[in-house]
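This is what each chain is made of:
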Amino acid sequence: YLNASFENDTIIYHKHVNLGIAVDVEKGLMVPNVKEIEKMTLREIAVQTEKLIEDARTNKLNPDCLSGGTFTITNLGMFGIESFSPIINKPEVAILGINKIAEKPVVINKEIVIRPMMNLSLTTDHSLVDGALSAKFLKEVVEIIENPYLLID
């Protein structure tokens, strides 16, 4: 449900995930997207993402890269931001914000230890996606980040 969009008041559920990557460029923000990301390996995703970011920053993006996004990720963590509310990139219905990773005290097995911690910020359009579904999605993202071996087939 989060890989959807509104087109002329019609809900479109997309077959493929075209992941938008918000990129800070000299003249503002650009959101190129990695097409059909669900068909790629992690290495292919990393290579394609790095290329899109470099092309955006050097003004070499193909215009096709800026259309067709179905879900966006934005990162303000690199600016030291620990929490923010990302704005949905319409016509999409959701955006995931990545925040700063910081060393924090946490309780593990009744002991206080220092661990790298990060907040995630998920904004969803509640006219399509309710809060419980958003929370379940975010919980799954957290589980994958905390257990990356889950991505290995």
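The structure contained in this document is the topic of the report that follows. Every chain begins its residue count from 1, and numbering advances along the sequence as written. The predicted origin of the model limits local features to residues at a pLDDT of at least 70 and limits the giving and counting of side-chain atom pairs to 80 or more, whereas totals for whole chains, interfaces and linings rest on all residues. The basis for every side-chain value is the complete set of non-hydrogen atoms in the structure, without hydrogens or water.

Pairing between strands requires that DSSP locate at least two bridges from one strand to the other. Helix and strand assignments follow DSSP, with helices taken as H or I runs no shorter than four residues and strands as E runs no shorter than two, numbered in order from the N terminus. Relative to strand E9 (residues 111-124), strand E8 (residues 94-108) runs antiparallel, the two sharing 13 bridges. Bridge pairing links Ile98 to Leu120 in E9.

The next thing to look at is the packing of aromatic side chains. The aromatic pairing rule takes the rings of Phe, Tyr and Trp, using the six-membered ring of Trp, and pairs them if the centres are within 6.5 Å, calling planes under 30 degrees apart stacked, those over 60 edge-to-face and the rest tilted. Tallied over the entire structure, the rule returns two aromatic pairs. Judged by centre distance (5.4 Å) and plane angle (85°), the rings of Tyr1 and Tyr13 are edge-to-face. With a gap of twelve residues between them, Tyr1 in the segment before strand E1 (4-7) and Tyr13 in strand E2 (residues 10-13) connect regions that are remote in the sequence. Buried means the residue's accessible area, taken with a 1.4 Å probe over protein chains only, is under 20% of the maximum for its type, while exposed means over 50%, and partly exposed covers the values in between. Classification of Tyr1 as exposed rests on a relative accessible area of 59%. On the basis of relative accessible area, Tyr13 is assigned to the partly exposed category, the value being 47%.

This part takes up helix H1 (residues 42-57). The first and last C-alpha atoms of H1 sit 23 Å apart over 16 residues, in line with the 22 Å expected at 1.5 Å per residue. All buried positions along H1 are accounted for by Thr49, Leu52, Asp55 and Ala56. Taken around the axis of H1, the buried residues stretch over an arc of 130°, which confines them to a single face. When the buried face of H1 is taken as reference, the exposed residues oriented beyond 90 degrees from it are Arg43, Val47 and Glu50. Elements in contact with the buried residues of H1: strand E3 (19-21), strand E4 (23-25), strand E5 (28-30) and strand E6 (33-34). Just beyond H1, the residue with positive phi is Asn59, at close to 60°. A helix is expected to reach a length of 1.5 Å times the quantity of its residues less one. Working definition: the arc comes from the directions between the helix axis and the C-beta atoms, pointing outward to the latter. Residue contacts are defined here by distance: any two heavy atoms, one from each residue, within 4.5 Å place the two residues in contact.

Among the secondary structure elements, Ser134 is positioned in helix H2 (residues 131-146). Among the polar contacts made by the side chain of Ser134, one reaches the side chain of Thr124 at a distance of 2.9 Å. Setting aside chain neighbours within four positions, we find Ser134 in contact with Leu122, Thr124 and Val129. Pairing of N or O atoms within 3.5 Å defines a polar contact, subject to two protein rules: one partner must be a possible hydrogen donor and the other a possible acceptor, and residues neighboring in sequence count only if both atoms are side-chain atoms.

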